[in-house]
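Analysis of the macromolecular model
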Amino acid sequence: MSVPATVLRRRLLAGAVGAISVGSLLSGAGPAGATAPAGQEATASASASASAESCTPPTSTGPTAAPVYPLTCLKPVFEDQFNGTSLDTGKWNVRKSGWSNDANVSVSGGKLLIDMKRVSSSDQKDGFRGGGISSKKRFGYGYYELTATIPQLTPGWHPAFWGQIWDGVEAKPVYNRPFTELDIFEVQSVAPECPGSSNPKLDGGIHAWSSDASGADVDDTNFKPRHCWNQDPNGTLFGTEHRFGLHYTPTTLTWVLDGRPVRTQPNPIKEPLPSTAINEPAEYNSPMSIWISSILTTVAYIPDGTPVGHSFGKLAVNRVAYYAPDGKVPATYNHGPLPDPTTTVTPNFAQDAGDWWKNPGSQWTTVTQNGGSALRSTSASGDGIRLLGKPVTVPPQTNDLGYVPDWTNVSAEATITLDSATGQGAGVLARAADAQNFYYLQLDRAKQQVALVKKVAGTSTVLAAAPLTITAGTPYKLKFVVEDNTLTGYVDGVKKVTKNDYVFGTGRVGFKGYQQPFTAGAVKITALG
């Protein structure tokens, strides 16, 4: 159901909220939004800024500075030493993006491991996958530290330790507010602030973001200069374990290597973040989830002939921690409660049919089916397609939903009934960009089979098929599960087809038929992971 713009833009005024206790965060208790109860952001105030500034960075910085971090005035609020055999899902979400695989994230030997791999022979980005995690709790001013070994890498890969407002759970909310991104470190193929010709580079910095009309993030400012970690004269930054830290206050950014403050620069975000057509002005210091991730950003650097299955290396993390002055998390700016991700969608088409885009020329009606609502395509020629949300276009189209309707790992369910004994069948779509690019779980009555189909730039390929007796007028419960690179199709609860494919990493969910009147009801979309 569409969320009215007036609701999306409301700003709830809340009073000051008390500091979160250290014990509740270290124990994993308390809400996912660490800065205030019930997922709300705490209210920024003069006292909050004073608290963040009360733990002043040292004036002596550089490669010979004393290793004083974490400062004695900073107390640990959140940490993970990855001592188990699996990721602590009470603390972390697994990153969701088209270029990440959940399977590339593991915990072993006291370390978080993020693998970077070639997964197919494609020489585009779809042939490569990384991974990552993001904290369920959010923070603001304070000291962030990661003990990790960044592998010696082929340029093009982008390991990073950073923070932003989204916690990585799909479908991503439309935050409808400006927010900050804090980059403690990012491996870059090109970094103008880093001298020398060797690659890759390692830098850090801060951004201010907002949302465009589609709900996608827009980089309003990428403040310069960024910090270049490569200037450290004490040894290589790659292939050796280091402690990378950033002390973030309202006025300064202090970069810390192995406890040594190597550089302090002014925090450039000193004024309210800019307003846009759909965003009011907002103060700096938005709440941030901690991210540890690596994806491929530039394919051109990958050597020809790199075999499928090759690992380019693993980002190995020994420990991550967030510290706050005296263990009290400084308040973040109150811009209203953060919306929750939309992890499940069960549409009522009697109300929500307008949320589902239909391809031009197709004919649809809303009908009652088994006590619920369904969409019926009456088109006997051409495609009849519905997608939740508008197709992906450049520039993007306006999104009237309260979330970005893209899912990476997803279960898409629908009861499909072929309403005619003629036609080319119908079924469920996943990772769809538009009417010409998608994965398709198809009931093919003419061939009496269920098939997994890939359509790329208008060209369809059957990836896998299995025999199935299909009769017009009979409802079939389809379930299309897309997880990492694996596509799996179920009919009436029975697994029928499965295949690995890599070309689409994320996208819309929907259903379609070709020259086929059909009905789709009992639709359910569930984010996986």
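Preceding block: the structure.
This write-up is about the structure you can find in this document. (Residues numbered from 1 in each chain as written. Predicted model: local features only at pLDDT ≥ 70, side-chain atom pairs only at ≥ 80, totals over all residues. Heavy atoms only, no water.)

Here we come to the layout of surface pockets. Taken as a whole, the largest pocket holds about 1,400 Å³ of empty space. For the largest pocket, the lining is made up of 49 residues, of which Ser97, Gly98, Ala216, Asp406 and Thr506 are closest to its centre. Looking at the lining of the largest pocket, the elements that each hand over two or more residues are β8 (157-164), β9 (179-188), β16 (288-296) and β24 (426-434). In the lining of the largest pocket, the residues fall into 19 nonpolar, 17 polar and 13 charged. (1 Å grid on protein atoms, 1.4 Å probe; cavity = no way out; pocket = protein on both sides within 12 Å on 5 of 7 lines; lining within 4 Å. Points joined across faces, edges and corners; volume = space filled by probe spheres on them. Helix = DSSP H or I, 4+ residues; strand = E, 2+ residues; numbered from the N terminus. Nonpolar A, V, L, I, M, F, W, Y, C, P; charged D, E, K, R; others polar.)

What follows covers the environment of His158. Along the polypeptide, His158 turns up in strand β8. Along the chain, His158 and Ser294 lie 136 residues apart, while their C-alpha atoms are 5.1 Å from each other. Excluding its chain neighbours within four sequence positions, the residues that come into contact with His158 are Glu186, Val187, Gln188, Ser293, Ser294, Ile295 and Thr297. Of note is the side chain of His158, whose polar atom sits 3.4 Å from the side chain of Glu186. Here Val187 takes part through its backbone oxygen, which lies 2.7 Å from a polar atom of the side chain of His158. (Contact = heavy atoms within 4.5 Å. Polar contact = N/O pair within 3.5 Å; in protein donor to acceptor, adjacent residues only side chain to side chain.)

Omega for the peptide link from Glu170 to Ala171 comes to -5°, which places this bond in the cis form. For Phe82, which is not glycine, the phi dihedral falls at a positive 55°. In this fold, Phe82 is placed in the loop between β1 (74-80) and β2 (92-94). A positive phi is found at Asp484, a non-glycine position, where the angle reads about 55°. Mapped onto the elements, Asp484 comes out in the loop between β28 (475-483) and β29 (486-491). Owing to a relative accessible area of 12%, Asp484 belongs among the buried residues under this scheme. (Buried < 20%, exposed > 50% of the residue type's maximum accessible area, 1.4 Å probe, protein only.)

The strand order across the open sheet formed by seven strands is β19-β22-β31-β24-β25-β26-β27, and the pairing between neighbours is antiparallel. Every interior strand has two partners, whereas the edge strands, β19 (356-358) and β27 (459-467), have only one. Going from strand to strand, the sheet's axes swing by 20° on average, the running direction of each strand aside. Bridging between β24 and strand β25 (residues 437-444) involves six bridges; their strand directions are antiparallel. (Pairing = 2+ DSSP bridges. Axes fitted to C-alpha atoms, helices over the stretch in contact; angles between N-to-C directions.)

Before going further, it helps to spend a moment on the pattern of salt bridges. In total, this model carries 13 salt bridges according to the counting rule given. Taking the shortest distance from any N to any O, the salt bridge between Asp406 and Arg508 comes out at 2.6 Å. Remark: Arg508 occurs in strand β31 (residues 508-514) and Asp406 occurs in the loop between β22 (383-388) and β23 (410-418); sequence separation between them is 102 residues. Through salt bridges with shared partners, a single network forms among Glu79, Glu145, Arg243 and Arg319. (Salt bridge = Lys/Arg side-chain N within 4 Å of Asp/Glu carboxyl O.)

On to empty space enclosed by the protein. The rolling of a water-molecule-sized probe over the atoms marks out the regions of remaining empty space. Tallied over the full model, the rule gives two cavities of 30 Å³ or more. Estimates place the volume of the second largest cavity at around 30 Å³. Considering the residues around the second largest cavity, the lining is formed by Trp356, Ala412, Glu413, Ala414, Val428, Val509, Gly510, Phe511 and Val523. At the level of secondary structure, the elements contributing two or more residues to the lining of the second largest cavity comprise β23 and β31. Here the lining of the second largest cavity is built from residues that sort into seven nonpolar, one polar and one charged.

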